[in-house]
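Chain by chain, the residues run as shown.
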Amino acid sequence: MNRHYRADIVVVGAGMVGASFALAMAGSGLNILLLDAAPLAVGAFDPAGDFEPRVSALSAASQRLLTRLGAWQGIERRRATPYTRMHVWDGSGTGAVNFDAASVHAETLGHIVENRVVQDALLECLLDADIGLLGDARVETLHYLDGQWHLLLDNHAQVSAPLMIGADGARSIIRELGGFKTREWDYLHHALVTSVRCAKPHGGVARQRFTDHGPLAFLPLTREGDEHWYSIVWSCDEARARELEALDDAAFCAAIERAFEGTQGTVEHADRRYRIPLRQRHAVRYVQDGLALIGDAAHTIHPLAGQGVNLGFMDAASLAEALLHAVARGASFASKRVLGRYERRRMPHNLGMMAAMEGFQRLFQADPLAVRWARNEGLRQVEQWDEAKALFIRRALGLEGDIPELAR
């Protein structure tokens, strides 16, 4: 007989954002079920092992949320690299800008953490919480009947709940089956990601150079005290990305070293490379009756400033806050009215960040001499304007304000 799972809230997608939302709802008195197409198990983590290719630049706001959820200790126990400064420069000129945590009396600007580390730490907390977990559960159909949303899984099991949360990433099946419209466009760029070891240590500094092909980031990584490692994210046109992907290791290391102007010395080693097409996508609405999208299911952003997962974490916290308040008042937590509070809070912020990243991306891809001069002059002016840099740090990296209130 096929199984039928019933819950108050079903979260589809147990990645970083979905797992953080489910954990935020622990202790709410509601029956929460978190499901994912992949198996749900905490992996054995070797602090001396190779770096995972996908990393995130977690802001101070995200750290506060993860601390409140009880997951930050598990992240630090595994592997996380704090960075205290950021250096950005234009490879086509002399403009540069530096951001320093000390300028806003902060200890760090954020942490570079492998996505797997964050997910494992969250799942470890979920295993000790009153949250149902269902792995190897791929969604096939979604329909609404008698005040409930119903999922049919590929193993023929059924899942029902008055509220479904789509946290299943950029290619969200919940967004698609739920009929959410999106506005999207292709950047015509691919991101090449890997980890490299360089002759010079990073010293806790994140670096980014705007090359003729696109932005190249060197994000600091540390393994057992070794500060010579970096996570590489190079956004460039597809042809160049494929060319770099096809190089042998020695040629690739040489190409990266040239593109980064040798600032970190010889690039001595590169791990396996991965190429990811870049596409911006934003759902026209985040919610409808009994359905809500969070994280990449609602919006994807250019990886220029590493803000994607930070936006997702704030989505999760904001939605959890709205639902917890509704439960405390005895209101219908699955109603569009309640869910709309989350949408109204998060959509303007997400759209603003997406517009800013789009503007930066277009500005630094522009070739006309006058535009290159203007952007270099702008970088020089910002470098001399301490108040502007402090404002950028506080707002973009989440060093001011509080995360949404949660019952912790």
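Everything here concerns the structure above.
Residues numbered from 1 in each chain as written. Predicted model: local features only at pLDDT ≥ 70, side-chain atom pairs only at ≥ 80, totals over all residues. Heavy atoms only, no water.

### A look at the sheet that holds strand β9 (residues 131–134)
Going by this rule: Being paired, for any two strands, means DSSP has found at least two bridges between them. Numbering of helices and strands runs from the N terminus; a helix is a DSSP stretch of H or I covering at least four residues, while a strand is a stretch of E covering at least two. Residues count as neighbours in contact if any of their non-hydrogen atoms are within 4.5 Å of one another. Note on geometry: axes are C-alpha line fits, over the in-contact stretch for helices, and angles between N-to-C directions span 0 to 180 degrees.
With mixed pairing, six strands are arranged side by side in an open sheet as β9-β3-β2-β13-β21-β20. Because the sheet does not close on itself, it has two edges, and the strands there are β9 and β20 (287–288). Here strand β2 (residues 9–12) runs beside strand β3 (residues 32–35); their pairing, made up of four bridges, is parallel. Residue V10 lies in a different strand from β3, and its bridge partner there is L33. Those strands touched by helix α1 (residues 16–24) are β2, β3, β9 and β13 (163–166), and its axis lies near 165° from that of β3.

### Structural notes on the nonpolar core
Formally: In this description, a nonpolar core means a group of buried Ala, Val, Leu, Ile, Met, Phe, Trp, Tyr and Cys residues linked to one another through side-chain atoms lying within 4.5 Å. Note on classification: 1.4 Å probe, protein chains only; a residue is buried when its accessible area is under 20% of the maximum for its type, exposed when over 50%, partly exposed between these limits.
One finds I9, V10, F21, L151 and L323 to be the most contacted residues of the largest nonpolar core, which totals 80 residues. Among the elements that take part in this core, helix α8 (residues 308–329) stands out by supplying ten residues, more than any other. Counting residues in hydrophobic clusters, the runner-up holds 22 residues, among them A57, V193, A206 and V233.

### Notes on the pairing of strand β10 (residues 139–145)
Remark: a regular strand shows side chains that alternate across the two faces of the sheet. Of the strand pairs in this sheet, β10 and strand β11 (residues 148–153) are connected by six bridges, and their pairing is antiparallel. Looking at β11, one finds that Y144 is bridged to W149.

### What to know about the packing of aromatic side chains
Stated precisely, the cut-off is as follows: Classification of ring pairs uses Phe, Tyr and Trp, with its six-membered ring standing for Trp, and accepts pairs whose centres are within 6.5 Å; under 30 degrees between planes counts as stacked, over 60 as edge-to-face, and the remaining range as tilted.
Summed over the entire model, instances satisfying the criterion amount to five aromatic pairs. With centroids separated by 5.4 Å and ring planes inclined at 55°, the aromatic side chains of F218 and Y230 adopt a geometry described as tilted. Residue F218 is located in strand β16 (residues 215–223), and its partner Y230 is located in strand β17 (residues 226–237); the two are separated by twelve residues in the primary sequence. Neither F218 nor Y230 differs from the other in exposure class; each is buried. With a centroid separation of 6.0 Å and 35° between ring planes, the pair formed by Y286 and Y342 is classed as tilted. Taken together, the positions of Y286 in the loop between β19 (274–283) and β20 and Y342 in helix α9 (residues 336–365) put the pair 56 residues apart, joining distant regions of the chain. Y342 sits in the buried class, given a relative accessible area of 0%. Members of the aromatic cluster, connected to one another through ring pairs, are F218, Y230 and F260.

### Considerations on the packing of helix α2 (residues 60–68) against α8
Threshold: Comment on the angle field: the value is read as roughly parallel under 35 degrees, roughly antiparallel over 145, roughly perpendicular from 65 to 115, and oblique elsewhere. Handedness of each helix crossing follows the sense of rotation of the near helix against the far helix: counterclockwise by less than a right angle gives left-handed, clockwise gives right-handed. Residues are grouped as follows: Ala, Val, Leu, Ile, Met, Phe, Trp, Tyr, Cys and Pro are nonpolar; Asp, Glu, Lys and Arg are charged; every other residue, Gly included, is polar.
Axis separation between α2 and α8 bottoms out at 9 Å; the angle between their running directions is 45°. Between α2 and α8, the angle falls in the class oblique. Note that α2 runs across α8; the crossing there is left-handed. Residues A61, S62, L65 and L66 of α2 pack against N310, F313, M314 and A317 of α8. When the residues that make up the contact of α2 with α8 are grouped by side-chain class, the tally is six nonpolar, two polar and no charged.

### Observations regarding the pattern of salt bridges
Condition: The salt bridge criterion pairs a side-chain nitrogen of Lys or Arg with a carboxyl oxygen of Asp or Glu, the two atoms within 4 Å.
If you walk through the whole model with that rule in mind, you get 18 salt bridges. The salt bridge involving E52 is made with R116; its shortest N-O contact spans 3.5 Å. With a gap of 64 residues between them, E52 in the loop between β3 and β4 (55–58) and R116 in helix α4 (residues 115–127) connect regions that are remote in the sequence. For E52, a relative accessible area of 26% gives the class partly exposed. R116 sits in the partly exposed class, given a relative accessible area of 27%. In this structure, R273 engages D249 in a salt bridge whose closest nitrogen and oxygen atoms are separated by 3.3 Å. Note that R273 is positioned in the loop between β18 (267–270) and β19 and D249 in helix α7 (residues 249–259), a separation of 24 residues in sequence. A residue is classified by how much of its surface remains accessible, and D249, at 45% relative accessible area, is partly exposed. A network of salt bridges, in which partner residues are shared, links E52, R116 and D120.

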